[in-house]
Amino acid sequence: MTTDIWDWVHDTHSSLVEAGQHRLATALVEIAGHAVDGRNEQLDAMFPEALSAARALDLPWVEVFLRHWRLQNLLNKRHQGERAMTEAVSLLEFAHREETAGCPQAVCAVQDFTICHANIDGPGYVPERLAVLEEALERVEPARACFDCLSREYADTLEDDGRAEAALAHLDRAQLRIEAAGESVSLSFGQARASALYRLGRYEDALAALTAAEQAYLAARHTLDEDDHRKLGVIRARALAALGRHDEALAQLPPIAEADGFADIRHRWAAAVERLVEAGCYPNDARLGARLASWVSYLDTAGSHRPCLDLALTAGRLAVRRGAREVALALVATGERKLALLRRPEPVAGPLAELRAAAGALPVPVLPVPAGELLDWLAERPDGVAGAVEAEQAVEAVESAEVVAQVEVVDDPEADLDLLAAGWQQLAAGPAAVVDPAVASELLLALAGMLASLGHEQVAAERLWARLAEDPGRSSLVSALTAVLIEARDEAGLRRLAEQVTQASPVDAHWIRARWALADSCWAEAVEQCEALLALEPQRINPRRLAAAAAVELGDYVTAQRFYEDLLAHALPAADDGDEEQYRTVQPPDLWHLITAATANRDWPAVRSAGARLGLDFEQPEGPVDEEWQLVTIRARRTNGATTDLPAVRTGPATARILPVLGEDVPLNHRDVVVFSPELLAPAPPAGASEEERARWRPTFELLTLLDPAGYTTYFLDGAWPGQDAWVELRTALHEAGYGIWAYSGEQYRIIDPADEQADLPGIYAALGVPPTATAEQADALLADLIADWAHPLCWLDLARAAGTDPGQHERIIERYGL
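Computed from a predicted model, the values in this text were never measured in an experiment.

> For this particular structure, what's the right way to read the sheet that holds strand β3 (residues 655-658)?
In sheet architecture, strand pairing relies on hydrogen bonds along the backbone and comes in two forms, parallel and antiparallel. Ordered by their spatial adjacency, five strands build a closed barrel running β1-β2-β3-β4-β5, and the pairing between neighbours is mixed. Taken pair by pair, the neighbouring strands of this sheet meet at an average axis angle of 55 degrees, ignoring direction. Here strand β4 (residues 673-676) runs beside strand β5 (residues 700-708); their pairing, made up of four bridges, is antiparallel. Each bridged residue has a counterpart across the sheet, and for Val675 the counterpart in β5 is Thr705.

> So what exactly am I meant to see when it comes to the pairing of strand β1 (residues 630-637) here?
Every other side chain in a regular strand lies on the same face of the sheet, so the side chains alternate between the two faces. Relative to strand β2 (residues 643-650), β1 runs antiparallel, the two sharing eight bridges. Within the sheet, the bridge partner assigned to Gln630 lies in β2 and is Arg650. In textbook terms, the turn of a hairpin is the stretch between consecutive antiparallel strands, and for β1 and β2 this stretch comprises five residues, one of which, Gly641, has a positive phi near 95 degrees. With three bridges joining them, β1 and β5 adopt parallel strand pairing. Each bridged residue has a counterpart across the sheet, and for Thr633 the counterpart in β5 is Thr700.

> Could you clarify how one ought to interpret helix α32 (residues 604-613) in this entry?
An α-helix turns once per 3.6 residues; consequently, residues spaced three or four apart project the same way. Taken together, the buried positions of α32 are occupied by Trp604, Ala606, Val607, Arg608, Ala610 and Gly611. The secondary structure elements touched by the buried residues of α32 are α30 (557-570), α31 (588-600) and β5. Phi for Gly615, located one or two positions after α32, is positive at around 85 degrees.

> Honestly, the pattern of salt bridges in this entry has me stumped. Any pointers?
Opposite charge on two side chains lets them pair, provided their charged atoms get close. If you walk through the whole model with that rule in mind, you get 57 salt bridges. The partner of Asp227 in a salt bridge is Arg230, and the shortest N-O contact between them spans 3.3 Å. In this pair, Asp227 and Arg230 are both assigned in helix α12 (residues 226-242), three residues apart and thus about one turn of the helix distant. With respect to burial, Asp227 and Arg230 carry one shared label: buried. When salt bridges that share partners are traced, they join Arg129, Glu153, Asp156, Glu159, Asp160 and Arg199 into one network.

Rules used in this analysis
- Residue positions are counted from 1 within each chain, in the order its sequence is given.
- This being a predicted model, a pLDDT of at least 70 is required before a residue's local features are given, and a value of 80 or more before pairs of side-chain atoms are given or counted; all residues contribute to the totals for chains, interfaces and linings.
- Excluded from the side-chain calculations are hydrogens and water; all other atoms, namely the structure's heavy atoms, are used.
- A pair of strands is labelled paired if DSSP reports no fewer than 2 bridges between them.
- Secondary structure elements follow DSSP: runs of H or I no shorter than four residues count as helices, runs of E no shorter than two count as strands, and numbering proceeds from the N terminus.
- Orientation is described by lines fitted to C-alpha atoms, with helices fitted over the stretch in contact, and by angles between N-to-C directions that extend from 0 to 180 degrees.
- Accessible area is worked out with a 1.4 Å probe on protein chains only. A residue is then buried under 20% of its type maximum, exposed over 50%, and partly exposed in between.
- Note on contacts: a residue pair is in contact if any heavy atoms of the two residues lie within 4.5 Å.
- The salt bridge criterion pairs a side-chain nitrogen of Lys or Arg with a carboxyl oxygen of Asp or Glu, the two atoms within 4 Å.

This is the structure in structure tokens:
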């Protein structure tokens, strides 16, 4: 196995381009960057199509490459454990088939397999991880990048076994072998070395190792990207905090928003913050607790049992330090559930028992009023805490069907949680005959809602399950439990709940399944469940909203329009503000969504009718709506999954005409008319904003679908900037002829001056949109005529080839001007 992976990628990319497989070729060179830098949306958008293409073309090596890098993202950036195990096992088997055995990326499936086990229970799987890594390392030459990766994974396994000294020695030996083979170790190798040194308590040496690795990386003409800065920062922050250099640690610590966005830095971030809190240098408040709890819940859902327990211990100790009794006990409960899933629980069983004892020793608050009056007391406080939502209103209160008892707190939510828990405990301990079941369930709903709002969905669900067993007929409990289970991504729990209520209330069962289907992006099932529900209770309103939203996601605008029109037919007359049944009346968003669906269906009478109800004025009383309203921004997706904002002219309530001339990486082009979603993606500037801010702001909407393609074909122009007057003259002439042109370069774009190669000229790089009424030959001739008198020519090589004219003059321009 001597093939270099990146040489193979380069050669395969060239072969795919020559074969016309441009999208797969792009995926091949971009997917690794998306994976390691945490560009999850782009990767998720790119991967399915690329994998299908690789399989259709019978390219098993490409399949191994694509699947490996997606797994690297799932395991490292998203920290998945059991959730990724099926794919890790499948790829390991596929990578060792006869047709893939020679693939240079195949051995990396071993690394994926071991990382997955490390995420589940690193110490518990040490023997198996070491065995497969030793076998893989014997098959890989030290000159290959895979040797670096596998060596780091081997050291990480030794660390999980409590053998940091052995891990450091292994890294030293591996580095000697890599350097003897004429290669240098990676930046990540230096980070692995720092990790082993940190485990040994050699914090200064860990910092020095990081500095040496960074300097070597930069000396090799590499550039640190955002991901590198983030990792180096959090590793340094943890070591500096351990040394008591708190100001330096705070300076290196990434913002909490970055830790929220990148799961791979959270464990080090939390460890650093725990030390900073102990030193009084970081606020230990409910906001920090809720953020840490959400990370614990994420790892719980991902099946990363050991990391989940480790983080729960950190979050629990911080909760105890700030006196948050119920939060600490909730984290203990999560930890104990994870402990039962570990193969090697001994290293963490003791700390977990200590945390339980410390949490239990925290004082239980004294109730200010009897438990049955607690919700009213909380609601009447000056700082205002709302109790449980009324059950009937909750069932259909909001489109998203978030029906956990809402508890809005402006002071200390954890203190209120402790009060609610104490109140519930008092009620639960009292004689059943004197406890009003409705009062008890309302208090439990408030308690569960507060737990869920602070990030403890599973603990909230356990409380609700227990109460539902005692009070099975209460619909508000079913609604609240559904919302909590959805938030926890607990599909098994939702299926169980739906089955449990099916006999007594098939409508509730359909609603549970519909809401989960929407949350899980199973759009067709969401529509199906809503239709079944409406067959039983046709007067319901929110199921129509949910079904219409799912139909839009499917691109089925006919069905979406039908549901919105049915909603109008079944809605109650307009209600006063504050009426608990206002959600059953027609709301402005309903009309806007109807307009959107009807526009996509070209049902202009329906558009005009709904618009009239909103008070919209149209220039013409009938026919298609094609007017000029205002400049807007349309947010679309590139073919690689990244978003891009496109200037456009709004032509109606839900349509816009795209202005730029675009390349093939955006599935739109000049003068295409699109349908957009009615919700603003960014609010208008506040009242106190400057005139410049208000003038610069444009409403931004999300693209839904292409309505009328204009049929333009794009070719790119490159060359020397002719001056403002000449450029305006060219642009005007092209527009009058029906062409589009869009400049992409700015003042920073410079090209070679062929008269003096030591000097440069301002350049212009632009896209030409050729209308469907013109041929490439006509476009080529028109351009040549329009710039005939320019001091410097422009190059349009692809257009010349399409026109069948001599490309040689354009190739010479490219060479002379260094384009």
